[in-house]
Amino acid sequence: MSDKTQNTPAHLEDQALLIANEIFNLINEYTHDSYVSKFFLTDEIASTCYSLTAGFTSVIYTPALDPEQTVDAMLLSFLYALMTYGFNIYLKERSLRTNSAPYNLPIDKKVIKKAQKDTLTRTSKGDLVSTPLADNIIAIIVENISTQMDLSEFVIKGHRLNKRKFWDYVKLSLYWGYNFAEELMDKKVYQPKNKKQQSN
């Protein structure tokens, strides 16, 4: 992944561990009276992430899974959670960079679709970006997966789990979520005016 920053603070690893734990704890935190965890994204953004991780899931197996098998695969939910985790890494990092400046996630499908397309273009060119802090957080997550997760949980009868692809897509899901968040938050994307704005 390309690096957007050059300075690496001495406390980088401690900060990465702290943020990794903060994001994990979001799973058990809720906004006001909502039953939806703070960890999860808006429906429009989540749908985009979920559809992409379905594609990731299918190709990790040989032979590839058909759509019905993919929907039922535990690996689909796992990669979706990792992509959501990557998205949250960016939000946490942005909070540090902007002194917790408020933000609104876009809900317009055209905006989200454009951000998805731009992130996929980055991916195909090998131009996904990151920072030393993000790299450290992702390394912590990958290490935890490698030491704590039993890959037999993802076994599907009649299909072979390609371990090399598994680890490639674990990392890609995290970095893709991070880059998708950047495209949505920090790029000038088309925002259609509402009727009130158009009449002014």
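It should be noted that the structure appears before, not after, this text.
If you're wondering where the values come from, they're calculated on a predicted model, not measured in any experiment.

> Can you help me understand the overall build of the chain in this one?
Looking only at helices and strands, one finds eight helices and four strands in the chain. The secondary structure elements of the chain, listed N-terminal to C-terminal, are β-α-α-β-α-α-α-β-α-β-α-α. Across the 200 residues that make up the chain, the buried fraction comes to 42%. Excluding contacts between residues fewer than 6 apart, the proportion of contacts in the chain whose partners are at least 24 apart in sequence is 80%. Approximately 12000 Å² of the chain is accessible, and the part contributed by carbon and sulfur atoms is 53%.

> Please clarify how the environment of Leu-79 should be interpreted in this entry.
By the element assignment, Leu-79 lies in helix α4 (residues 74-97). You can call Leu-79 buried: its relative accessible area is 0%. Residues Leu-79 and Leu-52 lie 27 residues apart in sequence; the distance between their C-alpha atoms is 9.6 Å. Not counting chain neighbours up to four residues away, the residues in contact with Leu-79 comprise Thr-53, Phe-56, Thr-57, Ile-60, Tyr-169, Val-170 and Ser-173.

> When you look at the environment of Tyr-175 in this model, what are you seeing that I'm missing?
Among the structural elements, Tyr-175 can be located in helix α7 (residues 163-186). When its relative accessible area of 9% is taken as the criterion, Tyr-175 is described as buried. Expressed as a C-alpha distance, the spacing of Tyr-175 and Ile-89, which sit 86 residues apart in the sequence, is 9.4 Å.

> Before we go on, may I ask you to explain the packing of helix α2 (residues 43-60) against α4 in this structure?
Pairs of packed helices are described in terms of their axes, by the angle between the two and the distance that separates them. Between α2 and α4, the least distance of the axes is 8 Å, while the angle of their chain directions is 130°. One element, α2, and the other, α4, form an angle in the oblique class. Judged by the twist between their axes, the crossing of α2 over α4 is right-handed. For the pair α2 and α4, the contacting residues are Ile-45, Ala-46, Cys-49, Tyr-50, Leu-52, Thr-53, Ala-54, Phe-56, Thr-57 and Ile-60 in the first and Leu-75, Leu-76, Leu-79, Tyr-80, Met-83 and Phe-87 in the second. Taken together, the residues of the contact of α2 with α4 break down into 14 nonpolar, two polar and no charged.

> Help me out: how do you make sense of the packing of aromatic side chains in this one?
Within a pair of aromatic rings, the relevant descriptors are the distance that separates the centres and the angle that separates the planes. In this structure the tally under the stated criterion is nine aromatic pairs. Taking 5.3 Å as the distance between ring centres and 80° as the angle between the ring planes, the aromatic pair formed by Tyr-90 and Tyr-178 counts as edge-to-face. Separated by 88 residues along the polypeptide, Tyr-90 in helix α4 and Tyr-178 in helix α7 bring together distant segments of the chain. Given a relative accessible area of 2%, Tyr-178 falls into the buried group. Through a chain of ring-to-ring contacts, three or more aromatic side chains come together here, namely Phe-78, Phe-154, Phe-166 and Trp-167.

> I keep staring at helix α6 (residues 132-148) and nothing clicks. Help me out?
Residues that lie three or four places apart on an α-helix share one face, since the helix turns once every 3.6 residues. Along its 17 residues, α6 runs 24 Å from first to last C-alpha, staying within 8% of the 24 Å computed at 1.5 Å per residue. Among the residues making up α6, those that are buried are Pro-132, Leu-133, Ala-134, Ile-137, Ile-138, Ile-141, Val-142 and Ile-145.

> Any chance you could explain the packing of α4 against α6 here in plain terms?
Packing of α4 against α6 brings their axes to within 10 Å, and their N-to-C directions diverge by 150°. When the axis of α4 is compared with that of α6, the two are roughly antiparallel. Where α4 crosses over α6, the handedness of that crossing is right-handed. Residues Phe-78, Leu-82, Tyr-85, Ile-89, Glu-93 and Leu-96 of α4 form the contact with α6, whose participating residues are Leu-133, Ala-134, Ile-137, Ile-138, Ile-141 and Ile-145. Of the residues belonging to the contact of α4 with α6, the class tally is eleven nonpolar, no polar and one charged.

> Could you clarify how one ought to interpret unusual backbone geometry in this entry?
Both trends apply: most residues other than glycine have a negative phi, and most peptide bonds are in trans. Going from Thr-62 to Pro-63, the amide bond is cis rather than trans, its omega being -10°. As for its position among the elements, Pro-63 is in the loop between β2 (61-62) and α3 (67-72). Within the chain, Asn-99 stands out as a residue other than glycine whose phi angle is a positive 60°. Inspection of the secondary structure assignment puts Asn-99 in the loop between α4 and α5 (109-125). You will see that Ser-100, though not glycine, has its phi angle at about 60°, which is positive. Taking the relative accessible area as the measure of exposure, Ser-100 reaches 52% and is therefore exposed.

Rules used in this analysis
- Residues numbered from 1 in each chain as written.
- Predicted model: local features only at pLDDT ≥ 70, side-chain atom pairs only at ≥ 80, totals over all residues.
- Heavy atoms only, no water.
- Helix = DSSP H or I, 4+ residues; strand = E, 2+ residues; numbered from the N terminus.
- Buried < 20%, exposed > 50% of the residue type's maximum accessible area, 1.4 Å probe, protein only.
- Contact = heavy atoms within 4.5 Å.
- Areas by Shrake-Rupley, 256 points an atom, 1.4 Å probe, with all protein chains shown as cover.
- Axes fitted to C-alpha atoms, helices over the stretch in contact; angles between N-to-C directions.
- Parallel < 35°, antiparallel > 145°, perpendicular 65-115°, else oblique.
- Left-handed = near helix turned anticlockwise from the far one by under 90°.
- Nonpolar A, V, L, I, M, F, W, Y, C, P; charged D, E, K, R; others polar.
- Phe/Tyr/Trp six-rings, centres within 6.5 Å; stacked < 30°, edge-to-face > 60°.
- Expected span 1.5 Å × (residues − 1).

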